[in-house]
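Residue-level listing of the chains:
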Amino acid sequence: MLDAGEPTPDPVAADPVDSPGPPAATLPLHVRSAGETLLGLLHLPPGPGPHPVVVLLHGFPGNERNFDLAQALRRAGYATAVFHYRGSWGVGGTYAWCHVLEDSACVVAALREPGTVAEHRLAPERIAVVGHSVGGFAALMTAAADSQVCAVASVAGFDLGSVGARCRTDPAARAAFVTAFEGELLPLRGTSGEALMSELESSGVEWSLARLAPRLTDRPVLLVGAGRDDVAPVQIHHEPVVAAYRMYAIPRLEHRVFMTDHSLSDHRVALARAVIDFLDRSVV
């Protein structure tokens, strides 16, 4: 235990000191969604709690699950949930963009259930959502639909609404995205590049991240872009969203661009520090 006035260890670089109460734990997380069981992990920090909660959403198809960020968040005192969506990585059901949204909402709701809150010493009024790539899209959509989410961060967010709008009028771009989606299907089931594209095209403006601004004016929002991102280029997926949110005057909007690739491969420490700093000021 730290003496009074002793500095708290840096959660990005150091393990937590001994604290009273239960130790840190990594537990299986099972959440029912549309009749299927989502599989994940709940990273619990040490201590009696109640712990603020971060739901960490991975992208498409889920090769990068951001466990380094989950561990850093746990060391910073956040209970952090990471899971797979339906139809991915052995989870039953079929994969679809709408299922990503539905499953994200189900996990947030499950972490507010009284039994789960009591068992894991959680603070249900302090749940934030953080997502990467398509997970960033899902994080913003989830927060916009759920006013009880207290803060939201999108990292290298992939704006499915913007892609759908472009592909409805650009056959060459459409074909390129179908091919790109097809190349990522190995860990997924029940879908195809064409099915994913058709779902995008049919979503219309409902999946535009820019149009979410009116529903996020009462929450802290962090948008992180990657300057060398060739999957979600900042000119298409980041800057227009920032501009829309600034125009709508979201009062607690923060945004930044790291000069790195889509996975933030050489900025993982900087990413962890940015997210933790944002949450420490936002999840109160």
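Not measured: the values here are computed from a predicted model.

Thresholds applied
Residues numbered from 1 in each chain as written. Predicted model: local features only at pLDDT ≥ 70, side-chain atom pairs only at ≥ 80, totals over all residues. Heavy atoms only, no water. Pairing = 2+ DSSP bridges. Helix = DSSP H or I, 4+ residues; strand = E, 2+ residues; numbered from the N terminus. Axes fitted to C-alpha atoms, helices over the stretch in contact; angles between N-to-C directions. Contact = heavy atoms within 4.5 Å. Salt bridge = Lys/Arg side-chain N within 4 Å of Asp/Glu carboxyl O. Buried < 20%, exposed > 50% of the residue type's maximum accessible area, 1.4 Å probe, protein only. Core = buried A, V, L, I, M, F, W, Y, C linked by side-chain atoms within 4.5 Å. Parallel < 35°, antiparallel > 145°, perpendicular 65-115°, else oblique. Left-handed = near helix turned anticlockwise from the far one by under 90°. Nonpolar A, V, L, I, M, F, W, Y, C, P; charged D, E, K, R; others polar. pLDDT = per-residue confidence, 0-100.

**Q** In this structure, what is going on with the sheet that holds strand β2 (residues 36-44)? I would like to understand it.
**A** Paired through backbone hydrogen bonds, the strands of a sheet run either parallel or antiparallel to each other. The strand order β1-β2-β4-β3-β5-β6-β7-β8 describes an open sheet built from 8 strands, whose pairing is mixed. The sheet terminates laterally at β1 (25-33) and β8 (253-258), the two strands that pair on one side only. Here the average twist between neighbouring strands, direction ignored, is 20°. Pairing between β1 and β2: 9 bridges, direction antiparallel. Across the sheet, the residue bridging to A25 is L44, located in β2. Packing against the sheet, helix α2 (residues 97-110) makes contact with β1, β2, β3 (51-57), β4 (79-83) and β5 (122-132), and its axis sits at approximately 120° to β1. Contacts between helix α4 (residues 134-145) and the sheet are confined to β3, β5, β6 (151-155) and β7 (221-226), with β5 contributing the most and set at about 140° to the helix.

**Q** Even after reading the chapter, I still don't get the pattern of salt bridges, so can you show me in this structure?
**A** Side chains bearing opposite charge may pair, as long as their charged atoms lie close to each other. Throughout the structure, instances matching the rule amount to 14 salt bridges. Salt-bridge contacts for E102 lead to R86; the nearest nitrogen and oxygen are separated by 2.6 Å. Of the two residues, E102 is situated in helix α2 and R86 in the loop between β4 and α2; the sequence distance between them amounts to 16 residues. In this structure, the salt-bridge partner of D218 is R219, at a minimum N-O distance of 2.7 Å. A relative accessible area of 4% places R219 in the buried class. The structure contains a network of salt bridges with shared partners spanning R86, E102 and D103.

**Q** I'm lost on the nonpolar core in this one. Help?
**A** Most often, soluble globular proteins have nonpolar side chains that are buried together. If you look at the biggest cluster of nonpolar residues, it comprises 63 residues, and the most contacted ones within it are W97, L111, L140, L216, V221 and Y245. For this core, the element with the most residues is α4, which contributes 8 residues. The contact partners of W97, leaving out residues within four places of it in the chain, are F60, V134, L160, F181, L196, E199, L200 and W207. Membership of the second largest hydrophobic core comes to 28 residues, among which are V54, L56, Y78 and V224.

**Q** Honestly, the environment of E184 in this entry has me stumped. Any pointers?
**A** Within the element layout of this structure, E184 appears in the loop between α6 (171-182) and α7 (193-203). Using a relative accessible area of 30% as the deciding quantity, one classes E184 as partly exposed. Separated by 84 residues in sequence, E184 and R268 have C-alpha atoms that sit 23 Å apart. In contact with E184, other than residues within four places in its own chain, are F60, P61 and N63.

**Q** What exactly am I supposed to notice about unusual backbone geometry here?
**A** Excluding glycine, a negative phi dihedral is what most residues carry, and trans is how most peptide bonds are arranged. Following G49, the chain continues to P50 via a peptide bond in cis, the omega torsion being 0°. Checked against the element boundaries, P50 lands in the loop between β2 and β3. The omega torsion of the bond from F60 to P61 falls at -5°, within 30 degrees of zero and hence cis. Mapping P61 onto the fold places it in the loop between β3 and α1 (67-75).

**Q** Explain the packing of α1 against helix α10 (residues 268-282) here, please?
**A** How two helices pack is summed up by the angle between their axes together with the distance between the axes. One way to put it is that α1 packs onto α10 with a least axis distance of 10 Å and a crossing angle of 45°. The pairing of α1 with α10 is recorded here as oblique in orientation. Crossing handedness for the pair α1 and α10: right-handed. Contact residues: α1 offers D68, L69, A72 and L73, while α10 offers R268, L271, A272, V275, I276 and L279. Taken together, the residues that form the contact of α1 with α10 break down as 8 nonpolar, no polar and 2 charged.

**Q** Help me understand the confidence of the model for the protein chain in this model?
**A** When pLDDT drops low, the exact placement of atoms in the prediction is not to be read closely. Looking at the protein chain as a whole, its pLDDT mean stands at 95, while 98% of the residues score no less than 70. Below a pLDDT of 50 lies the segment residues 1-5, which in the model reaches 6 contacts outside its immediate sequence neighbourhood of four places, other chains included.

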